[in-house]
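In case you want the letters, here they are:
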Amino acid sequence: MVSSEARNKLIHQATCFCLLAILLHPTTSTNLFRVGLKKRQLELEDIRASRVISKLKYSHSQHPSDYQSLATLGGGFSDQDHQVILKNYLNAQYYGVIGIGTPPQEFKVLFDTGSSNLWVPSSKCYLSLTCYLHPKYKSTKSKTYTKNGKPGTIKYGSGSMSGFFSEDNVKVGDLVVKNQEFIEATRERSLTYLLAKFDGLLGLGFQEISVGNAVPVWYNMMGQGLVREKVFSFWLNRDTEAEIGGEIVFGGVDPAHFKGNHTYVPVTRKGFWQFNMGDIFVSNNSTGFCEQGCAAIMYSGTSLIAGPTTVIAQINHAIGAKGVVSAECNEIISQYGEMIWDLLVSKVSRRQVCKELGLCVFRQDTGIKTVVEKERSSALCKVCEMVVVWIHTKLKMNETKEKVFEYVYQLCESHLSPAGEAVFDCNNIENMPNVTFTIGGNPFSLTPQQYILKTRVGHTEMCISGFAGYDLPSPTGPLWIIGDVFMGAYHTVFDSGNLQIGIAVAT
């Protein structure tokens, strides 16, 4: 059982992610498909709205059972590659237009590497208010429609979408995918759709997480011989003043948008585009969390970088985040801090410390234990494990005990509540440290200019951290979600043929 308060906290935390969508407005040339998108000043409420929207997608494969449902590229860029020009919308979303049917009926969709289905609102959607705010697919208007009728439901943490499968031609850029299976949404049970700029979603993930085992659009692009190479690539332009906001290339890469060689890492689990990541550094200091490796997914569907709260707290503290005091955090330090220190100095494994203290030992109850007591025990265990990591990291740097505890208390004070924004003084950006991710044995650094999102509240400029805490439970988690903050700095290749992800400096 989970209390409504705890559930609300989880929902608030998960909504720290924004979606990626690519706006495709049809202006074709012989082999390229270019579009112009509109852009306006980013407002704080836009970010908050986008965070709510992102909850729809991120929760899609949150449950383990959902997850179960859940090299060198030759030739470079050529006329056989299919380029879609993007523009930046609100510095937080990239959305685009596809066509379904003959003649094409246009829909704004999110191109998302974190899911695998295509769905749009149906003309048979009568009972959902959101369907009246978006265009609806009308099968009677298409000459290439084929009836399917199989039911399909996608559950999200803040709602759900249900409908039925149909088949029709789908136009993406200058490519036409024939007989594509997709869901006509007849019920959209979530108020968050009311905030969405998109009509539907086009997943670029693996078939393993496709609802109904439907063949994804990208699979059919490859299977129907529409692309030269079994790769697609993203370039996201973070220059807010630029006319062109980025591009996605189906079938290859565009060498104009990266320099040097790509670092390739293998896909470790098909479903999401999942890979193994090494240690994370703030300035030149290890956070210690991923020394033995961490699972991560390259996720075009979020504008932020999300990871376990333990290390996100360290990062946000180092870059000057302001938050609220965690009562549990201070309790752990005051009551157990000395014992944690002694156990770590005695070389007890940091994974065993909280168990030795009796804070992370969960036995079957012999008596009645309230839900509140169970939740409190779980919270103390989680916070204890965080404090252990923080102390262990400083111990390895030979810091004095006094300095270590001063540092840990500071982390407690900057530990953000799930509902709060990590806000910074925009005048201090130049003094903030770089944050570096180790991928494929190579360092990939983000500067403050790259990981900070600028926004306005009235006439006041504000800066918001691009790092958000999200604790995905085992066995799927812990998991890092690497979104647009990273993909804007690094050109990214998704190689289905060799099951690998390529990363290079974006230009």
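Per an unreviewed UniProt entry, the chain goes by the name Aspartic proteinase-like and belongs to Camelina sativa.

Here the focus is the packing of aromatic side chains. Under the definition given, this model contains 18 aromatic pairs. Between W273 and F494 the ring centres are 5.2 Å apart and the planes differ by 75 degrees, which places this aromatic pair in the edge-to-face class. Here W273 is found in strand β15 (residues 273–277), whereas its partner F494 is found in strand β27 (residues 490–495), with 221 residues between them in sequence. The class for W273 is buried, based on a relative accessible area of 1%. Between the aromatic rings of F444 and Y490, the centroid separation amounts to 5.1 Å while the plane-to-plane angle is 85 degrees, which identifies the pairing as edge-to-face. Separated by 46 residues along the polypeptide, F444 in strand β22 (residues 442–446) and Y490 in strand β27 bring together distant segments of the chain. Like F444, the residue Y490 is buried in the burial classification.

Our focus in this paragraph is the side chain of E188. Checked against the element boundaries, E188 lands in strand β9 (residues 175–189). Buried charge without a partner: E188 forms no salt bridge, and the closest opposite charge is R187, 9.6 Å away. Side-chain polar atoms of E188 contact the side chain of T130, separated by 3.1 Å.

Take the nonpolar core next. In a soluble, globular protein the nonpolar side chains are often hidden away together inside. Counting residues in each nonpolar core, the largest one holds 68 residues, and the members touching the most others are F250, F437, W480 and F486. If one sorts the elements of this core by residue count, helix α4 (residues 217–223) sits on top with four residues. A313, Y336, L359 and L411 belong to the second largest nonpolar core, which has 29 residues in total.

For the structure shown, the criterion picks out five disulfides. Here C360 pairs with C381 through a disulfide, and the sulfurs are 2.0 Å apart. What sets the handedness of the C360 and C381 disulfide is the S-S torsion sign, and at about 115 degrees it is right-handed. Pair noted here: C360 is in the loop between α7 (353–356) and α8 (371–395) and C381 is in helix α8, with a separation of 21 residues, a long-range link. Covalent S-S linkage joins C426 and C463, the inter-sulfur distance amounting to 2.2 Å. Its S-S torsion of about 125 degrees marks the bond between C426 and C463 as right-handed, since a negative value means left-handed. Residue C426 is found in the loop between β20 (423–424) and β21 (435–439), and its partner C463 is found in strand β24 (residues 460–465); the two are separated by 37 residues along the sequence. Since its relative accessible area comes to 15%, C426 is described here as buried.

The next subject is the sheet that holds β15. Spatially, six strands are ordered β14-β15-β18-β26-β19-β25 in an open sheet, and the strand pairing comes out mixed. Strands with a single pairing partner mark the edges of an open sheet, and in this sheet they are β14 (269–270) and β25 (467–469). Here three bridges tie strand β18 (residues 294–298) to strand β26 (residues 480–482), and the two strands are oriented parallel to one another. If you follow M298 over to β26, its bridge partner there is I482. Relative to the sheet, helix α5 (residues 309–318) contacts β19 (305–307), β25 and β26, its axis offset from that of β25 by approximately 145 degrees.

With antiparallel pairing, the four strands of this open sheet are ordered in space as β17-β16-β21-β22. The open sheet has two free edges, formed respectively by β17 (285–286) and β22, since each of these has just one partner strand. Inspection of the sheet shows β21 paired to β22 by five bridges, in the antiparallel sense. By the bridge assignment, V435 is partnered in β22 with L446.

Definitions and cut-offs
Along each chain, the written sequence defines residue order, and numbers are assigned to residues from 1. Reporting in this predicted model follows two pLDDT cut-offs: at least 70 for local features of residues, and 80 or more for side-chain atom pairs to be given and counted; totals over whole chains, interfaces and linings ignore these cut-offs and use all residues. Hydrogens and water molecules were not included; the side-chain quantities draw on all heavy atoms of the structure. Here a pair means two rings of Phe, Tyr or Trp (six-membered ring of Trp) with centres within 6.5 Å. Their orientation is stacked below 30 degrees between planes, edge-to-face above 60, and tilted elsewhere. Numbering goes from the N terminus for both helices and strands, where a helix is a DSSP run of H or I of at least four residues and a strand is a run of E of at least two. Each residue is assigned to one of three classes by its accessible area relative to the maximum for its type, calculated with a 1.4 Å probe on protein chains only: buried under 20%, partly exposed between the two thresholds, exposed over 50%. Only four residue types enter the charge count: Lys and Arg as positive, Asp and Glu as negative, with His and the chain ends excluded. Between Lys or Arg on one side and Asp or Glu on the other, a salt bridge is scored when a side-chain nitrogen of the former is within 4 Å of a carboxyl oxygen of the latter. N or O atoms closer than or at 3.5 Å make up a polar contact, with two conditions inside protein: a donor-capable atom paired with an acceptor-capable one, and, for residues adjacent in sequence, both atoms drawn from side chains. Grouping buried Ala, Val, Leu, Ile, Met, Phe, Trp, Tyr and Cys residues that are joined through side-chain atoms within 4.5 Å yields what is termed a nonpolar core. To count as a disulfide, a pair of cysteine sulfur atoms needs to be within 2.5 Å. Pairing between two strands requires that DSSP report at least two bridges joining them. Should any heavy atoms of two residues lie within 4.5 Å, those residues are considered in contact. Geometry is summarised by axes, namely lines fitted to C-alpha atoms with helices restricted to the contacting stretch, and by angles between N-to-C directions that run from 0 to 180 degrees.

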